[in-house]
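Given next are the chains, with one letter for each unit.
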Amino acid sequence: PASPDDAPASQASSGHHRRAMRTQVMVLSFYLVDALFMAAYAAHGSLPALAPVFYGAAGCGLTVLSAGIVRMGLHRRMGGAHFTTVQLLTACSLMLVTAALVPQIGMLLLLTMMVAVATAALQLPLRHVLAVSGLVAALSLALLLVNGSRFGMPLDDGWSRLLSGLWFAVVLGKIAAINLIGVAMRKALSASNAKLALALTQVRELSERDELTGLKNRRSILALLAEERARFARGGPAFGLALLDIDHFKRVNDRFGHAVGDDVLRVFAKIVTGSLRGTDHFARYGGEEFLLLLPNTPDAAAAVLAAERLRCAVHDHPWTDLAADLEVTCSIGVTVSHAGEGVAEMLERADTSLYRAKSKGRNVVCAA
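Since the model is a prediction, treat every value here as computed from it, not as a measurement.

Colleague: Tell me about the layout of surface pockets, residues and numbers included.
Modeller: Over the atoms rolls a probe the size of a water molecule, and its path tells where empty space is left. Of the pockets and cavities examined, the second largest pocket occupies roughly 220 Å³. Looking at the second largest pocket, the residues that line it are D247, H248, R251, V252, R255, F256, D325, E327, V328 and T329.

Colleague: Kindly report on unusual backbone geometry, identifying the contributing residues and their values.
Modeller: Glycine aside, the phi torsion of most residues is negative, and most peptide linkages are trans. Phi is positive for H248, which is not a glycine, with a value near 50°. With respect to the element layout, H248 can be found in the loop between strand 1 (240-246) and helix 9 (249-256). Given a relative accessible area of 34%, H248 falls into the partly exposed group. Look at N363: it is not a glycine, yet its phi comes out positive at around 60°. When you line up the elements, N363 lands in the loop between helix 12 (343-359) and strand 5 (365-367).

Colleague: With reference to specific residues and values, describe the packing of aromatic side chains.
Modeller: Taken as a whole and assessed by the stated rule, the structure comprises 7 aromatic pairs. Ring centres of F232 and F239 lie 6.1 Å apart, and the angle between their planes is 80°; this geometry places the pair in the edge-to-face category. Considered together, F232 and F239 belong to a single accessibility category, that of buried residues. Ring centres 5.5 Å apart and planes at 20° place the aromatic pair F282 and F290 in the stacked group. The two residues F282 and F290 agree in class, both being buried. Here the aromatic residues F37, Y41 and W167 are joined through ring pairs into a cluster of three or more. If you follow R218 out to its NZ or CZ, it ends over the ring of Y285, 4.0 Å from the centre.

Colleague: Can you tell me about the pairing of strand 4 (residues 330-336), naming the residues and giving the values?
Modeller: The buried fraction of strand 4 amounts to 7 of the 7 residues, a majority that puts the element mostly inside the structure. By the bridge criterion, 7 bridges tie strand 1 to strand 4 in an arrangement that is antiparallel. Following the sheet pairing, G240 is matched in strand 4 by V336. Pairing analysis gives 3 bridges linking strand 4 to strand 5, with the strands arranged parallel. Across the sheet, G333 pairs through a bridge with C366, a residue of strand 5. Considered for its hand, the β-α-β crossover made up of strand 4, helix 12 and strand 5 is left-handed.

Colleague: So, the sheet that holds strand 3 (residues 289-294): which residues are in play, and what are the values?
Modeller: Strand order in this open sheet of 5 strands is 2-3-1-4-5, and the pairing throughout is mixed. Only two strands of the sheet have a single partner each, and these edge strands are strand 2 (281-286) and strand 5. The sheet shows a mean angle of 20° between the axes of neighbouring strands, direction not considered. Inspection of the sheet shows strand 1 paired to strand 3 by 6 bridges, in the antiparallel sense. The partner of G240 across the bridge, within strand 3, is L294. Along the sheet face, helix 11 (residues 300-316) touches strand 1, strand 3, strand 4 and strand 5 and points at about 165° away from the line of strand 4.

Colleague: Describe in detail the nonpolar core, supporting the description with residues and values.
Modeller: Formed by 36 residues in total, the largest nonpolar core has its most connected members in Y55, I105 and W167. Sorting the residues of this core by element identifies helix 1 (6-44), helix 2 (50-71), helix 4 (80-101), helix 5 (106-121), helix 6 (126-147) and helix 7 (158-208) as the ones contributing at least two each. Per-element accounting of this core gives the leading share, 8 residues, to helix 1. The contact partners of I105, leaving out residues within four places of it in the chain, are M38, Y41, L47, G152, P154 and W167. Judged by nonpolar contacts, the second largest core, of 33 residues, contains L244, V260, A306 and A323.

Colleague: Give a description of the packing of helix 9 against helix 10 (residues 258-274) that names residues and reports values.
Modeller: At a minimum axis separation of 7 Å, helix 9 and helix 10 run at an interaxial angle of 140°. The angle between helix 9 and helix 10 places the two elements in the oblique class. Between helix 9, through F249, V252, N253 and F256, and helix 10, the contact on the second element is made entirely by H258, V260, G261, V264 and L265. Here the contact of helix 9 with helix 10 is composed, by residue class, of 6 nonpolar, 3 polar and no charged.

Colleague: Could you give an account of the side chain of R349, with specific residues and numbers?
Modeller: Considering the arrangement of structural elements, one finds R349 in helix 12. By relative accessible area, R349 is classed as buried at 18%. Contact partners of R349, with chain neighbours within four places excluded, come to T335, V336, H338, E341 and A368.

Colleague: Outline the side chain of T112, listing residues and values.
Modeller: Structurally, T112 can be placed in helix 5. You can call T112 buried: its relative accessible area is 3%. Excluding residues that lie within four positions of it along the chain, T112 makes contacts with D34, M95, W167, V171 and K174.

Colleague: Mind laying out the environment of V334, listing which residues take part and the relevant values?
Modeller: Along the polypeptide, V334 turns up in strand 4. Each C-alpha atom, one on V334 and one on M107, is 85 Å from the other, the two residues being 227 residues apart in sequence.

Colleague: How would you sum up a nonpolar patch on the surface? Please name residues and give values.
Modeller: A cluster of nonpolar side chains, namely F54, V97 and L101, defines an oily patch on the protein surface of about 280 Å² accessible area. Given a relative accessible area of 57%, L101 falls into the exposed group.

Reading the values: the criteria
Residues numbered from 1 in each chain as written. Predicted model: local features only at pLDDT ≥ 70, side-chain atom pairs only at ≥ 80, totals over all residues. Heavy atoms only, no water. 1 Å grid on protein atoms, 1.4 Å probe; cavity = no way out; pocket = protein on both sides within 12 Å on 5 of 7 lines; lining within 4 Å. Points joined across faces, edges and corners; volume = space filled by probe spheres on them. Helix = DSSP H or I, 4+ residues; strand = E, 2+ residues; numbered from the N terminus. Buried < 20%, exposed > 50% of the residue type's maximum accessible area, 1.4 Å probe, protein only. Phe/Tyr/Trp six-rings, centres within 6.5 Å; stacked < 30°, edge-to-face > 60°. Lys NZ or Arg CZ within 6 Å of the ring centre and 35° of its normal. Pairing = 2+ DSSP bridges. Right-handed = clockwise from strand over helix to strand, strands pointing away. Axes fitted to C-alpha atoms, helices over the stretch in contact; angles between N-to-C directions. Contact = heavy atoms within 4.5 Å. Core = buried A, V, L, I, M, F, W, Y, C linked by side-chain atoms within 4.5 Å. Parallel < 35°, antiparallel > 145°, perpendicular 65-115°, else oblique. Nonpolar A, V, L, I, M, F, W, Y, C, P; charged D, E, K, R; others polar. Patch = residues over 30% accessible without salt bridge, like charges linked within 9 Å, V, L, I, M, F, W, Y side chains within 5 Å. Areas by Shrake-Rupley, 256 points an atom, 1.4 Å probe, with all protein chains shown as cover. Salt bridge = Lys/Arg side-chain N within 4 Å of Asp/Glu carboxyl O.

Note that all results are geometric; they support no functional claim without further evidence.
Structure representation (structure tokens):
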């Protein structure tokens, strides 16, 4: 059975197949409309009776063959551009042969051929368009040089003029249909770009987030810390830094199990996040250790006050909701930015403060 990851690819493939089949239906309808006009000319006596039969049968046969190739998926092996190019060349060849056989409607067929080339050009690379256009132009020129004096459209009487006018209107309608195809392609491209942008955003979020807690990860918070440090060096406001460590976390895992330990990490992250200012940044630094960045924190007293608020929130939380007799506290080491120092020195000072908090019995805040 296909995995869930295969579903988008399967849906995309199915959508591509449906669009390819719709294209074949559209091409078939164009052939049939042209054949009907030829049949009307034939009924009026302007064309041989076999002309619409030949054109309609050939057009239907070519389209049925193309539809069979699409149904079997062979068009993907050929490549979409190559398949469309081959189909365009066969259509132009049929129109040129028909124009040579019944030059009375040659101009109408040349106009129809131009629409076919323009429609395919929306989907083909430039080199394919240039190659097909050059070949069709050369064949058309040769045909006009040999038999151009007989080319035209039936205008001998009112009925012929009406049919010619209607066919010309249909040609214009096909040109309008090109715009509809272009709009559909633009919409599909826009939707594809939107999906790509969403996927890139999700990838970026995954690369910057801790999977368990949903917090920023170590790499992400260190990048923010470096930015804040650079802003401070340019004359920006001072900022604080705090390292938080869940006390005796190993005992929690050993006594209550790792599932409860994971719950503790998630709840701890929610408690702290819910007590922060909108400008603060909180991240899982590693294991049961967390890093808090406090922008616009002028001195150690302000940093300690913020850290103490977090410590109390963790201490006062009803942890027994997770497991009976469960108690969770945290130790916090804080520091503030100093002129002329780097990120590493600041982190080392915060780590030293955290070590002092642990040595004082834990569940306390210490400042450098």
